[in-house]
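Working through the structure, step by step
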Amino acid sequence: MKTLILAGGSGTRLFPLSREHYPKQFIPLVDDESLFQKTVRRSLLFSSPQDIAIVTNTEHRFLVRDQLAAIGCDCRVLVEPVGRNTLPAIYYGVREVAEDGAGTVAVLPSDHLITATAPFHEAFRRAERLAKDYLVVFGVRPTSPHTGYGYIRPGEPLADGSVVDAFVEKPDLPTAERYVADGYLWNSGMFCFDAALFLAECETCAPEVVRAFEHPVEEAYAATPALSIDYGIMEKTRRAVVVPLEADWNDVGNFDALYAALQKNGNGNAVRGEHIGIDSSENLILADRLIATVGVHNLAIVETKDAILIADRDEAQRVGEIAKALRERGDSRAFFHTRVHRPWGSYTNLEEGRAYKIKRVTVPPKRRLSLQMHHHRSEHWVVVTGCAEVTIGEKTYLLRNGESTFVPAGTVHRLANPGLLPLELIEVQIGEYTGEDDIVRYEDDFERA
């Protein structure tokens, strides 16, 4: 079986943990592995690394590669030039992974938390048996009348599943209660089908997508409509079937869902970090520093280096409104953490004020930044650990821990790590403008503009 993992999207519903350039699938929410890495590990139960492909966007492609390397899995990475919802992503991916037009393909979102026990295996075996003749969607047995999920109404039973009678949108609470009582399933967004069958159904149900992909990828994404696979294919095809998924499943769509996924202490608090609670219960607390609470209940308290969220867990689905408000006023915190990932490594903003900024810069072994120049700022570099290869103007030389150098404004320069250990340095920027867009690139290993 081939596996296609969808790893695009933007981070809004778990702000401030997630940001647009660091969405939830790349965050280690429940332990030291991200949801994306956990999805790749589940895929390895059915597919070899060379049979797994990741569909992501230009912003996240290097983060994907770094997280794959961290778990020792070398998979193919397909890059969308622009997001067009799930159907173009899946169509693009299926055409690439099934170049001979045949074979079973599983499609998995990368931001789900799933316990891959025996019921999970059994559901995929059933789906694989159906995949030759049907487009299979996995339906999760509801544990509550949830209003945040779409539902599937099973129809005529088959040996390994049921014909899909209807897809229904997210309901209100009374409707959700009725759906659960009537045996409806949550729509998991996971699929399994024969590649040739899927491509043929796209010809019938979404010919505009097929026509767009007769052109090269850049042109295809400019021409294709933005469509979900549910709306574009599954609600139109006569070959949709649903296989029940009995495994523990959580889409971690808000902080209340994350609370449900984490272990609780004796007071019902789910804590990652240090917490002292006096008469405090059923709270979600995620923080890097000590959080002390007195007499509070049912809250989500989430602290990062640049933001703190305090919300009633019952209102957790509204957190996206905060990210939207930040975007509308052009606040960079909607897009980035204080630690920002780049293809060459990462940097962390430690402090800034008028006419200065201080960063911690980390460069993995054998990587280098672009050959670049800044108009409005100079930079001081102090090596903390590792060995830096520094190019400033016409000179190139090495700096070791404790050594420093100065890059005048307007000077072409480059920083590289030629060693076998990570390079870490402190960068002090001085200038009337220290924005990230004050950069002119002359050469770049990662083909950025």
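With an unreviewed UniProt entry as reference, the protein is termed mannose-1-phosphate guanylyltransferase, source organism Methanoculleus caldifontis. Per its UniProt entry, the protein bears the Sequence similarities (unreviewed entry) comment "Belongs to the mannose-6-phosphate isomerase type 2 family." In the Catalytic activity (unreviewed entry) part of its UniProt record, the protein is described as follows: "alpha-D-mannose 1-phosphate + GTP + H(+) = GDP-alpha-D-mannose + diphosphate".

Okay, the pattern of salt bridges next. Summed over all chains, the structure comprises 30 salt bridges. Residues E33 and R41 are paired through a salt bridge, measuring 2.7 Å at the closest nitrogen-oxygen approach. The partly exposed category is assigned to R41, whose relative accessible area is 39%. A salt bridge links E122 to R125, with the shortest nitrogen-to-oxygen separation between them at 3.3 Å. Residue E122 and its partner R125 are located together in helix 4 (residues 118–130), separated by three residues, close to a single helical turn.

Across the interface, helix 1 (residues 35–43) lies against helix 2 (residues 61–70) with an axial gap of 10 Å and an inter-helix angle of 60°. Considered as vectors, helix 1 and helix 2 are oriented oblique to each other. Considering the relative orientation of helix 1 and helix 2, their crossing is right-handed. Listed contacts from helix 2 to F36, Q37 and V40 of helix 1 are V64, Q67, L68 and A70. Each residue belonging to the contact of helix 1 with helix 2 can be placed in one class, and the counts come to five nonpolar, two polar and no charged.

For the rest of this paragraph, the subject is the sheet that holds strand 16 (residues 299–303). The strands that make up a sheet are held in pairs by hydrogen bonds between backbone atoms, and each pair lies either parallel or antiparallel. With respect to topology, four strands assemble into an open sheet ordered 12-14-16-17, the strand pairing being mixed. Each edge of the open sheet is held by one strand with a lone partner, namely strand 12 (270–272) and strand 17 (308–312). When the angles between neighbouring strand axes are averaged without regard to direction, this sheet yields 5°.

In this section: the sheet that holds strand 20 (residues 356–363). Strands sit in the order 18-19-20-27-22-25 across an open sheet of six strands; the sheet is antiparallel. Every other strand in the sheet has two partners, leaving strand 18 (339–342) and strand 25 (404–407) as the edge strands with one partner each. Looking at each pair of strands side by side, their axes are set apart by 25° on average, direction ignored. When strand 22 (residues 377–385) meets strand 25, the two strands line up antiparallel, connected through four bridges. Residue pairing for strand 25: W381 is matched across the bridge by T405.

Thresholds, definitions, all that
Residues numbered from 1 in each chain as written. Predicted model: local features only at pLDDT ≥ 70, side-chain atom pairs only at ≥ 80, totals over all residues. Heavy atoms only, no water. UniProt positions renumbered as here; feature names shortened; annotations may be inferred. Salt bridge = Lys/Arg side-chain N within 4 Å of Asp/Glu carboxyl O. Buried < 20%, exposed > 50% of the residue type's maximum accessible area, 1.4 Å probe, protein only. Helix = DSSP H or I, 4+ residues; strand = E, 2+ residues; numbered from the N terminus. Axes fitted to C-alpha atoms, helices over the stretch in contact; angles between N-to-C directions. Parallel < 35°, antiparallel > 145°, perpendicular 65-115°, else oblique. Left-handed = near helix turned anticlockwise from the far one by under 90°. Contact = heavy atoms within 4.5 Å. Nonpolar A, V, L, I, M, F, W, Y, C, P; charged D, E, K, R; others polar. Pairing = 2+ DSSP bridges.

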